[in-house]
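# An overview of the molecular structure
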Amino acid sequence: MEIDKTTEKKENSSDTQEYEKVCYICRRPESKAGSMIMMPGNICLCHDCMQKAFDSIMGNGMDMSKIDWSKMDLSQIPGMPYMNMNFTNPTDMEGFGNAMISNKQKVKKRKEKNGPDFQLKDIPAPHILKAKLDEYVIGQDKAKKVMAVAVYNHYKRIFDEEQRAVLAKKGEEQADDVHIEKSNILMIGPTGSGKTYLVKTLANLLNVPLAIADATSLTEAGYIGDDIESVVSKLLTASGNDVEKAEHGIIFIDEIDKIARKKETNTRDVSGESVQQELLKLLEGSTVEVPVGAGQKNALTPTTTVNTENILFICGGAFPDLETIIRERLQKKSSMGFGAVLKDQAEQERQILSKVTTEDLRKFGMIPEFLGRLPVTVTLEKLSEDLLMRILREPKNAILRQYEKLLSMDEVKLEFEEDALRWIAEEALRRDTGARALRAILEEFMLDIMYEIPKDPGIGTVVVTRSYLEKKGGPLIQMRG
């Protein structure tokens, strides 16, 4: 297949305008290394690397005045970094630099800003945000309300900070001296209660980049595993290598309870308390060097600078055994007499996580400095049978609607009896993995239906019954006409 050279040149020129140039040798972008020297093949060199190359040539005693640069084969020059690259035919070199450093490893150029990227009216109010979340997330009303307010205040803070920056640039006086502090969020809830799904839905509604990282893979710098900066690198990738867009994004760190301080250990805790210590600078807001287009830093990966001050951090975890810690604290406060708090009351409390305090989290193994940088605490309730039934049917992308759509493509109508839905909810409760169990159960029982139905084009309707789910019979099938 022959490549159109005109089209390729247009793409290269648009890349040059949109992305920063990257030095072919040291992999620094022009925002760090300064202006670049263009070589044949779209190879960019910073002034430092070019100077080092010439110093290397001169150090080998070569007389520069005797070199015919029009017929120069750079592979013959000792010390030059471009081995086997012949410049005698420039057309052979065309696009070489772009092939070596792809756009995935380039950062988009920053734009000149005359004001905030958005207006206050563009930020949805908390009640509007919660109403939109209600369409996708069933239950967890308290959590949705807290999240909506926290996100609304966060983006008002960004607007205020950007407005201040513009006034400072113009040399004008600030309206006041009140600076709004960042409010990161800590989400606590049992597995399958909707922590990750809630954050994903929130990011989609706000149309901001979202990065989801797993705290279990994070380790202290210098040890095997992901460095802390890899969390920000994922957000940069999600925003298309646009640093400005990434600095207004959301980072969700899941399984945050796995980095709790290890109890009774004699070895160095490189994936526990030390990770909490290193996360402090990110949560509070700092400027960090992150690799572009890769998870870890190395000599061949360009790096860029990202300011985490306006990035909203949401940390979530199941925190197993936290309920036991809360009950122990509540039982110590039990008393006697009328209106007394009884020990049995703590044992019978269903939504015990809602009574969590900083003291309980510290006892679990989270350090106070880390908890201080997560001032907003959201607890998600354990899903009940009625909530699980609603999750099956009500959300815009409910699981049942997905199966109905799949069978409708075969012109077959899928229906579920009320008793069948009740059985699925009961089975999900028994498995104790929250809403995740619903899909697992449906996948198991829908397998035979999805396999057998396309065999017979005369089938018009399939009704899933409780007896079929209990393996006492089959689904009701109605033929067309």
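Residues numbered from 1 in each chain as written. Predicted model: local features only at pLDDT ≥ 70, side-chain atom pairs only at ≥ 80, totals over all residues. Heavy atoms only, no water.

## Looking at the confidence of the model for the protein
What counts here: A score from 0 to 100, pLDDT tells how confident the predictor is in each residue. For this analysis, residues touch if any pair of their heavy atoms sits within 4.5 Å.
Residues of the protein with pLDDT of at least 70 account for 78%, and the chain-wide mean is 80. Segment residues 1-14: pLDDT under 50, and seven contacts once partners within four positions in sequence are set aside and those in other chains are kept.

## Re the nonpolar core
Rules: The criterion is simple. A nonpolar core is a set of buried Ala, Val, Leu, Ile, Met, Phe, Trp, Tyr and Cys residues joined through side-chain atoms within 4.5 Å. For every residue, the accessible area obtained with a 1.4 Å probe (protein chains only) is divided by the maximum for its type, and the residue is called buried under 20%, exposed over 50%, and partly exposed between those limits.
Counting residues in hydrophobic clusters, the biggest one holds 46 residues, and the most contacted among them are Ile256, Leu322 and Phe370. With near-sequence residues (within four places) excluded, Leu322 lies in contact with Ile188, Leu353, Val356, Asp360, Leu361 and Phe364. Grouped together as the second largest cluster of nonpolar side chains are 33 residues, Leu407, Trp423, Ile441 and Phe445 included.

## Quick look at unusual backbone geometry
Formally: Runs of E in the DSSP output that reach at least two residues are strands. Runs of H or I that reach at least four are helices, and both are numbered from the N terminus.
A positive phi angle, close to 55 degrees, is found at Asn207, a residue other than glycine. Here Asn207 lies in the loop between α7 (195-206) and β4 (210-214). The exposure class of Asn207 is exposed, given its relative accessible area of 66%. One non-glycine residue, Asp321, lies in positive phi territory at about 75 degrees. Structurally, the position occupied by Asp321 is in the loop between β8 (312-317) and α11 (322-332).

## A word on the pairing of strand β11 (residues 459-464)
Selection criterion: Strands qualify as paired when DSSP identifies two bridges or more between them.
Summarising burial for β11: six of the six residues are buried, a large majority. Pairing of β11 with strand β12 (residues 476-479) involves four bridges; the strand directions are antiparallel. Bridging from a neighbouring strand, Thr461 pairs with Gln478 of β12.

## Focus: the packing of helix α17 (residues 418-431) against helix α18 (residues 436-452)
Put simply, the rule reads: The axes used here are C-alpha line fits, helices contributing only the stretch in contact, and every angle between their N-to-C directions lies in the interval 0 to 180 degrees. Oblique is the label for any angle not under 35 degrees, not over 145, and not in the 65 to 115 range, which are roughly parallel, roughly antiparallel and roughly perpendicular in turn. By convention, the crossing between two helices is left-handed when the near helix turns anticlockwise from the far helix through less than a right angle, and right-handed when the turn is clockwise.
Where α17 contacts α18, the two axes come as close as 9 Å, and the packing angle between them is 120 degrees. In this view, α17 runs oblique relative to α18, as classed from their interaxial angle. For the pair α17 and α18, the crossing hand works out as right-handed. Taken together, the residues of α18 that come into contact with α17 (itself represented by Trp423, Ile424, Glu427, Ala428 and Arg431) are Ala437, Leu438, Ala440, Ile441, Leu442, Glu444 and Phe445.

## Observations regarding the sheet that holds β8
Pairing in this open sheet of five strands is parallel, and the strands run β4-β5-β8-β3-β9 from one edge to the other. A single partner strand is all that each edge strand has here, and the edge strands are β4 and β9 (376-379). Between one strand axis and the next, the sheet turns by 20 degrees as a mean value, whatever way the strands run. Sheet topology note: the strand β3 (residues 185-188)/β9 ladder contains four bridges and is parallel. The residue of β9 that forms the bridge with Ile188 is Thr379. Docked against the sheet, helix α8 (residues 229-238) engages β4 and β5 (250-254), running at close to 150 degrees with respect to β4.

## Some remarks on the packing of aromatic side chains
The line we're drawing: Each Phe, Tyr or Trp ring (for Trp, its six-membered ring) is paired with any other whose centre lies within 6.5 Å, and the angle between the two planes then decides the class: stacked below 30 degrees, edge-to-face above 60, tilted in between.
Applying the stated criterion across every chain yields a total of three aromatic pairs. A ring pair is formed by Trp423 and Phe445, whose centres lie 5.5 Å apart and whose planes are at 90 degrees; its orientation type is edge-to-face. Of the two residues, Trp423 sits in helix α17 while Phe445 sits in helix α18, which places them 22 residues apart along the sequence. As far as burial versus exposure is concerned, Trp423 and Phe445 are alike and both buried. Consider the rings of Phe445 and Tyr468, whose centres lie 6.2 Å apart with planes at 70 degrees: the pair is edge-to-face. Here Phe445 is found in helix α18, whereas its partner Tyr468 is found in helix α19 (residues 466-469), with 23 residues between them in sequence. Judged by its relative accessible area of 10%, Phe445 falls in the buried class.

## Brief notes about the environment of Ile459
Mapped onto the fold, Ile459 is located in strand β11. By relative accessible area, which is 6% here, Ile459 ends up buried. Apart from the residues within four sequence positions on either side, Ile459 is in contact with Glu411, Val412, Ile453, Ile477, Gln478, Met479 and Arg480.

## Some words on the pattern of salt bridges
We apply this condition: Only one rule defines a salt bridge in this text: a Lys or Arg side-chain nitrogen within 4 Å of an Asp or Glu carboxyl oxygen.
Applying the stated rule across the entire model yields 31 salt bridges. In this structure, Lys130 and Asp134 form a salt bridge, with 3.2 Å as the shortest nitrogen-oxygen distance. Note that Lys130 and Asp134 are positioned in helix α5 (residues 126-134) at a spacing of four residues, about one turn of the helix. When its relative accessible area of 19% is taken as the criterion, Lys130 is described as buried. A relative accessible area of 31% places Asp134 in the partly exposed class.

## Describing the packing of helix α15 (residues 385-393) against α17
Just so we agree on the cut-off: Just so you know the grouping, Ala, Val, Leu, Ile, Met, Phe, Trp, Tyr, Cys and Pro go in nonpolar, Asp, Glu, Lys and Arg go in charged, and all remaining residues, Gly too, go in polar.
Remark: α15 packs on α17, axes separated minimally by 9 Å, with the N-to-C direction vectors making an angle of 120 degrees. Between α15 and α17, the crossing angle belongs to the class labelled oblique. α15 and α17 meet at a crossing whose hand is right-handed. Between α15, through Glu385, Asp386, Leu388, Met389, Leu392 and Arg393, and α17, the contact on the second element is made entirely by Glu418, Leu421, Arg422, Ile424, Ala425, Glu426, Ala428 and Leu429. Among the residues forming the contact of α15 with α17, the class breakdown is eight nonpolar, no polar and six charged.

## What to know about the environment of Gly458
Tracing the chain through its elements places Gly458 in the loop between α18 and β11. With a relative accessible area of 22%, Gly458 lands in the partly exposed category. Gly458 sits 46 residues away from Val412 along the chain, and the two C-alpha atoms are 9.3 Å apart.

## Quick look at the sheet that holds β11
Pairing is mixed across the open sheet formed by three strands, whose spatial order is β10-β11-β12. The strands lining the two open edges of the sheet, one partner per strand, are β10 (413-416) and β12. Each neighbouring strand pair of the sheet contributes to a mean axis angle of 15 degrees, computed without reference to strand direction. Pairing of β10 with β11 involves four bridges; the strand directions are parallel. In the strand pairing of β11, Lys413 is matched with Thr461.

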